[in-house]
Amino acid sequence: MKISNLIIKNFRNIKDINIRLTNIVSLIGENNSGKSNILRAITLPFLSNELGYNNKNLSWFDINNEAKDLYYQFILENQEAIVNETLDIDRFSEVIPNVTVEVYFEVKDIEIYFVKDLTSRVDQNGNINYGMRYDFSPKNVKEVLNRVKEILISYEKGSRIDEYSIDTIKMNLLPIDLYSHTIKVPEKNQSISYDLLKLFKYTSLVAERDDFSKTSERLGSRSLVKLLEMKLDTSSKITVEKEYTKFFEKLKSLSDMESIINWQENSKISNAKDFFEKISILPNMPNMSSLLNSVKLGYSGEHLASQGLGYRNLILLFVLLNSFIEKKSDIAFSIITLEEPEAHLCSNNQKLMASYMNYFSTKDNSVQLFYSTHSTEFVNKLDFDSIVIVNNGKAFSLSTELSKGNKDYLSKNPNLDLYKLFFSKKCILVEGLTEELFIRSYFNSKEELNDIEVISFHKGFKNIMDIWLQINQGTSNKLGIVRDYDNQPNAKKEHHEYNDYKNILVTTTKEYTLEPEILDTENNFDLLQVYFNELYDWNCTNKKELSDKWVNAKSSVMLRLCKDISNKELTELKMPKHIQDIIDFLYENKGDDSASELEVIANEN
Amino acid sequence: MKINIAGAGSGKTTKMAEKIIDRYERLPAHENIYCITFTNNAVESIETKLIDYFGNIPDNIRLSTIHSFLYQEVIKPYYYILYNKQYTQISSIQLSPEPKYKRSKITQLEEANILHVSVFSERAKWVIHKKSSDRKKEKEVRALILEKFKKYCTHIFVDEAQDIDKHLVEILKKIDEISIEIELIGDPKQDLNGTNSLRMLLEEYEENVEYITICHRSPQNHLDISNSLFPKDEWQHSEKEYGTISVLFETDINILIFFNSTAFDLKYISEKNDRYSTAQNTDIDIRFRTLFHEITDMLNQSLDEIDELRIKQIAYYLARKLISKYEQTNNEREAMKIINKYIGYDKKTYAKVINALKINTNVDVKRIPLSSIDSIKGQEGDNCLFVLTTDLAPFLFLEKTINNKTKNRLYVALTRSLDKLTILVTKEVEEKYSKEFIKDFLKKYTL
């Protein structure tokens, strides 16, 4: 079983996402993008594996700000109607922010029994959907409206509130004390019984886990103790208790404890003996988890506490994941959420951990693993379906956003850095390594340009632009794309349509390839004529001749040129216009108007 | 579909448990055996047998009453995706015997998303088999549901199969059709609701019927009487040759003295009459439930501002207070004063509440208390008393031979005793047939 679809609404910075998921889910994104919020949200419909921690009520701060702003705006605009009680309650219900987390399951035939009471609908493809929905909302909307009315009436003796004064009473206007949470079957709106709920558990490992095994006395991690305890069956527990009793008896006889409390001889009261005799020492067996707590984990004969953070983290993860490999009969499905598995791990241990996690995901164990990461080691290059890109409260699953061809391409380019591609402030995509090398070397020679990333990608940028646009809605990031013309006017036209977006600029070479284009730019021909002549004795008198020679030369020629540009030996060299346009674009504030102008220029090219 | 016909005292429960155990030993881990019975008692006795064998009930043997099966396994998971309606509660309040009122109450409950137990089998049939208004879409969704359903529900055993109603027959046939293994065990001779559904299934699935003719309870001469009512196929035989059968006539004795001085394990009659009562203490909570429901309804109408939980709290309190007041004063109008202020002048509501208050309270001190035959089904005793009334007599004397619930009642009455059976002939029966005829007719059994 696994969660195949996740919908989150109004939770912290997550306004509204709906993503498809696979067996293992890697969330990637910048700091503050919402990765941890997604990891937290997904646990809300489930019970915790940890004892005693199941608080699912949220706070005012957990409700999405945009949703709250809409609500406050509505109150501002409808103050009179609220006070006069003429407001349509349905309109009010619509704007009250609710937090919902909805998950849909993909189940194997043998698991259907567990989810039969979660049937929520038949979808367009004729499949039965099984789902759970966590909902944090006011029990009674009318009560909220009454509260708001009271506040408005009593505020400053009935004076109107405005957009400044509302700031001082925002918490009161959204009375969280009237909210409660429910876990129901979506659409059907039927509460899920505890008996069913307890078959679905989560285990959470947050990023702040450095305390694990820090002191030398304790194992240090509650979840680990619990896992140890789960592994002990009844007969082993009996053995433990028997052994403890034996241990106690031994202790008693060795220390002669009974005689320690033997005060009757010292008492002058005649019947003191009757009283004191009854005092005895009884075993006080600690409960199982305290016993297990006194176990220490070691590594290579040393206590774990004396190991570095990295090892402690690695061992914690291994032990945790390992305990889920075996299927438990009392749990139908578990999720594990894990923040930054790479924390404190050196690159070799990251590889070790990543390969273990991949192995884990292939196991049929009804466990779904969710993790956020900043490390490329943990982005599975062979399975882009598992990647969810998070940015600014939005999330995109590459399984649905990327075509198969594009995924295959990405897989074939294992060194492609998705982080750079999707999250760079300024990024240029080019079609080949030659272009990448050439542009990079130019940037190296100009300090002011070194914040531009250059990445080579395969032909056909449309899909990648679509994803990039989605991810970069509302960011100030910019993307430039340098295409080769390749005698394909239609492809050019289609790509250039993207210039309507003000954060993308696509340009295309006039010529078939890059070299003639370089020579055509300003004084480059003169400059390079001399350069090539000095180095390789080329005697070319016109651009055409030089261009052909250059195109057909060994790759080492280009490499050498790039090195020399990089080393500032050809500072006079200019970028061809289509590249220079992109550089200009990346550094200017492209307004709505100039977008069309630039498009015209680009098209002229 | 396999059908086992097992008469009274044949050890049905043991047989059923054996079959379940046998099937379980060969069951893949993800498949489930459902065992359906008609009463909680029957669930318990099969449970006991399984616990004796396994130590606990294995996870994939699922015992339930028919109601719980239909609701938990059929209606609750799937009704919504077919008919877009989800019930949030179930109810077993008392319904009026009048079909019109009964229907309107069920509709009223449904509007509040409450499903009454009496329509479980019909609704479950709509899910599994069909509803007359079904269109293409419903048919497609149903096919999907059945496909999922049979992935985990692979075997169904039904105990007391003579009690299945016409909707359940359709459900079981459909389930059989999609090749879920079904095995029924029951006795058409003990069909006291007169649904005749098991007999119909017997004819339809003729080649899969097995008769268990041994009877471990009644002696042979008792069985000779009961066998005389039915075709040879269904005759039972016993290892015990002889048990006492005595015939008494009401006209020969003083029944008050007789009943005071003679003890029986079971004493029963077809239906109560002017001399005998049949106390029906089957469900002591039904009055409270019905009252609670009616008061909740009433409060919902009169106090529309208060939240649901609070209304239930008040209704619960008022229902208890009403009952205790009524029991103290034995005057329902006096008791009703407690809630008059909520009712106002609404006569309809007043009638509903007061009727609910009076459920099951007609205790009769003058008549002799007996059990109804319907209520002692499944029970047995060494020493049993059967009061023969005019409805059953024609069947006993073979004047009537049609298979119906009255005849089945007679069968149940005759097959309760492990040893002694006393037949007390009422004066009406004696009037109709004469003492001589009766003595003579029963002579061959009493020898």
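Residues numbered from 1 in each chain as written. Chains lettered and ligands numbered in written order. Predicted model: local features only at pLDDT ≥ 70, side-chain atom pairs only at ≥ 80, totals over all residues.

Description of the overall build of chain B
And step 1. A count of helical and extended segments in chain B gives 19 helices and 16 strands.
And step 2. C-alpha extents for chain B along the principal axes are approximately 75 × 60 × 45 Å.
And step 3. Out of the 447 residues in chain B, the part that is buried amounts to 35%.
And step 4. Here the analysis covers contacts within chain B between residues at least 6 apart in sequence; of these, 77% occur between residues at least 24 apart. (Helix = DSSP H or I, 4+ residues; strand = E, 2+ residues; numbered from the N terminus. Buried ≥ 20, exposed ≤ 12 C-beta atoms within 10 Å, placed from the backbone. Contact = placed C-beta atoms within 7 Å.)

Quick word on the overall build of chain A
And step 1. A tally of regular secondary structure across chain A gives 27 helices and 20 strands.
And step 2. For chain A, buried positions account for 35% of its 605 residues.
And step 3. Counting contacts in chain A only where the partners sit at least 6 residues apart, residues at least 24 apart contribute 76% of the total.

Focus on the nonpolar core
And step 1. Ranked by internal contacts, the top residues of the largest apolar core, which has 172 residues, are Ile389 of chain A together with Ile75 of chain B.
And step 2. The greatest single-element share of this core, amounting to 10 residues, is contributed by helix H3 (residues 66–83) of chain B.
And step 3. Looking at which domains feed residues into this core, each of domain 1 (62–192) and domain 3 (402–604) of chain A supplies at least three.
And step 4. Other than its neighbours up to four places away in sequence, Ile75 of chain B contacts Leu70, Tyr87, Leu115, Phe120, Arg123, Ala124 and Val127 of chain B.
And step 5. Counting 31 residues, the second-largest nonpolar core is a separate cluster that includes Ile373, Ala393, Leu410 and Ala413 of chain B. (Core = buried A, V, L, I, M, F, W, Y, C linked by C-beta atoms within 7 Å. Domains from an automatic or database assignment.)

A look at the interface of chain A and chain B
And step 1. Facing 15 residues of chain A, the contacting portion of chain B comprises 16 residues.
And step 2. For the side of chain A that touches chain B, the elements supplying multiple residues, two or more each, are helix H5 (112–115) and strand S6 (119–122) of chain A.
And step 3. It is S6 of chain A that provides the largest number of residues to the side of chain A that touches chain B, a total of 3 residues.

Some thoughts on the confidence of the model for chain A
Residue and element names in this part refer to chain A.
And step 1. In this model, chain A carries an average pLDDT of 83, and 84% of its residues clear a pLDDT of 70 or more.
And step 2. Every residue in residues 216–220 is under pLDDT 50, and counting partners more than four places away or in other chains gives 15 contacts.
And step 3. pLDDT under 50 marks residues 590–605. Its contacts with residues more than four places away, or in other chains, come to 24 contacts. (pLDDT = per-residue confidence, 0-100.)

Some details on the confidence of the model for chain B
Residues and elements named next belong to chain B.
And step 1. When pLDDT is averaged along chain B, the result is 90; 97% of the residues meet or exceed 70.
And step 2. Ranking the elements of chain B by mean pLDDT puts helix H14 (residues 340–343) last with 82 and helix H5 (residues 120–128) first with 96.
And step 3. At the level of chain-chain contacts, confidence expressed as ipTM amounts to 0.71, with global pTM at 0.74.

Brief notes about the sheet that holds strand S3 (residues 61–65) of chain B
Residues and elements named next belong to chain B.
And step 1. Across the sheet, 6 strands lie side by side as S3-S2-S6-S7-S1-S8; this open sheet has parallel pairing. On the outer flanks of this sheet lie S3 and strand S8 (209–212), each paired with one strand and no other. Along the sheet, successive strands turn relative to each other by an average axial angle of 15°, direction set aside.
And step 2. Judged from the 4 bridges that link them, strand S1 (residues 2–6) and S8 form a sheet pairing that is parallel. Paired with Asn4 across the strands is Glu210, a residue of S8. (Pairing = 2+ DSSP bridges. Axes fitted to C-alpha atoms, helices over the stretch in contact; angles between N-to-C directions.)

Things to note about helix H6 (residues 141–154) of chain A
Residues and elements named next belong to chain A.
And step 1. Between the first and last C-alpha of H6 there are 20 Å, a value that for 14 residues agrees with the 20 Å anticipated at 1.5 Å per step.
And step 2. If you check which residues of H6 are buried, you get Val144, Val148 and Leu152. Seen from one end, H6 has its buried residues packed into an arc of 75°, which puts them on one side. Exposed and facing more than 90 degrees away from the buried side of H6 are Glu150, Ile153 and Ser154.
And step 3. On its buried side, H6 packs onto helix H2 (65–77), helix H3 (79–83), strand S7 (128–138) and helix H7 (170–173). (Expected span 1.5 Å × (residues − 1). Arc of directions from axis to C-beta.)

Concerning the sheet that holds strand S15 (residues 387–391) of chain A
By definition, the strands of a sheet pair up through backbone hydrogen bonds, in either a parallel or an antiparallel sense.
Residue and element names in this part refer to chain A.
And step 1. One open sheet accounts for 7 strands, arranged S4-S10-S13-S14-S3-S15-S16; its pairing is mixed. Across the chains shown, the open sheet's two edge strands, defined by having one partner strand only, are strand S4 (47–48) and strand S16 (394–397).
And step 2. Taken together, the 2 bridges between S4 and strand S10 (residues 200–205) define a ladder with parallel strand orientation. Note on S10: the bridge partner recorded for Ser48 is Tyr202.
And step 3. On top of the sheet, helix H1 (residues 35–43) reaches strand S3 (24–28), S10, strand S13 (333–339), strand S14 (367–373), S15 and S16; it is set at about 160° to S13, its chief contact.

With respect to the pairing of S3 of chain A
All names here are of chain A.
And step 1. Counting buried positions along S3 yields 5 of 5 residues, so the element is predominantly enclosed.
And step 2. On S3, burial covers both faces: Ile24, Ser26 and Ile28 on one face and Val25 and Leu27 on the other are all buried.
And step 3. The pairing of S3 with S14 spans 5 bridges and is parallel. Bridged to Ser26 within S14 is Tyr371.
And step 4. Note: S3 against S15, 3 bridges, orientation parallel.

Quick notes on the environment of Thr415 of chain B
Residues and elements named next belong to chain B.
And step 1. Following the sequence through the fold, Thr415 ends up in the loop between helix H17 (405–414) and strand S16 (417–425).
And step 2. Along the sequence, Thr415 and Cys384 sit 31 residues apart, while their C-alpha atoms lie 9.7 Å from each other.
And step 3. Ignoring any residue separated from it by four or fewer positions in sequence, one finds Thr415 in contact with Ala8, Gly9, Arg217, Ser218, His222 and Ser226.

What to know about the packing of H5 of chain B against helix H7 (residues 166–177) of chain B
All names here are of chain B.
And step 1. Interaxial distance between H5 and H7 falls to 8 Å at its minimum, and their mutual angle equals 30°. With respect to each other, H5 and H7 are oriented roughly parallel. You can see that H5 and H7 cross each other, and the crossing is left-handed. Along its contact with H5, which presents Ser121, Glu122, Ala124, Lys125 and Ile128, the element H7 presents His167, Leu168, Glu170, Ile171, Lys174 and Ile175.
And step 2. Partitioned by chemical class, the residues of the contact of H5 with H7 number 5 nonpolar, 2 polar and 4 charged. (Parallel < 35°, antiparallel > 145°, perpendicular 65-115°, else oblique. Left-handed = near helix turned anticlockwise from the far one by under 90°. Nonpolar A, V, L, I, M, F, W, Y, C, P; charged D, E, K, R; others polar.)

Comments concerning helix H12 (residues 308–329) of chain B
Residue and element names in this part refer to chain B.
And step 1. Helix length check: H12 (22 residues) gives 31 Å between terminal C-alpha atoms against 32 Å at 1.5 Å per residue, within 8%.
And step 2. Among the residues of H12, those classed as buried are Ala315, Leu318, Ala319, Leu322 and Tyr326. The buried residues of H12 occupy an angular sector of 110° when the element is viewed end-on, so they sit on one face. Residues of H12 that are exposed and point more than 90 degrees away from the buried face comprise Leu309, Arg310, Gln313, Tyr317, Ser324, Glu327 and Gln328.
And step 3. Along its buried surface, H12 packs onto helix H11 (286–302), helix H13 (332–336) and helix H15 (347–357).
And step 4. Asn330, located one to two residues past H12, shows a positive phi value of around 55°.

Focus on the environment of Lys151 of chain B
All names here are of chain B.
And step 1. You can see Lys151 is positioned in helix H6 (residues 136–152).
And step 2. Residue Lys151 is classed as partly exposed on the basis of its 19 C-beta neighbours within 10 Å.
And step 3. Separated by 148 residues in the primary sequence, Lys151 and Ile3 have C-alpha atoms spaced 23 Å apart.

Details of unusual backbone geometry
Residues and elements named next belong to chain A.
And step 1. The backbone of Glu522 sits at a positive phi, close to 40°, despite the residue not being glycine.
And step 2. Tracing the sequence through the fold places Glu522 in the loop between helix H22 (514–519) and helix H23 (524–536).
And step 3. In this structure Glu522 comes out as partly exposed when scored by C-beta crowding, with 14 C-beta atoms within 10 Å.

Considerations on the environment of Thr278 of chain B
And step 1. By the element assignment, Thr278 of chain B lies in strand S13 (residues 276–278).
And step 2. C-beta crowding within 10 Å serves as the criterion here: with 19 such atoms nearby, Thr278 of chain B is assigned to the partly exposed category.

Some thoughts on the packing of H3 of chain B against H6 of chain B
Residues and elements named next belong to chain B.
And step 1. Interhelical geometry of H3 versus H6 gives an angle of 155° and a closest axis separation of 9 Å. The angle between H3 and H6 falls in the class roughly antiparallel. When the axes of H3 and H6 are compared, the crossing they make is right-handed. On H6, the residues touching Tyr78, Ile81 and Leu82 of H3 are Glu138, Val141, Arg142 and Ile145.
And step 2. Across the contact of H3 with H6, the residue classes break down as 5 nonpolar, no polar and 2 charged.

Brief notes about the pairing of S14 of chain A
Residue and element names in this part refer to chain A.
And step 1. The buried fraction of S14 is high, at 7 of 7 residues.
And step 2. Two strands pair when backbone bridges link them, and S13 and S14 are joined in this way by 6 bridges, in the parallel orientation. Paired with Leu338 across the bridge in S14 is Tyr371.

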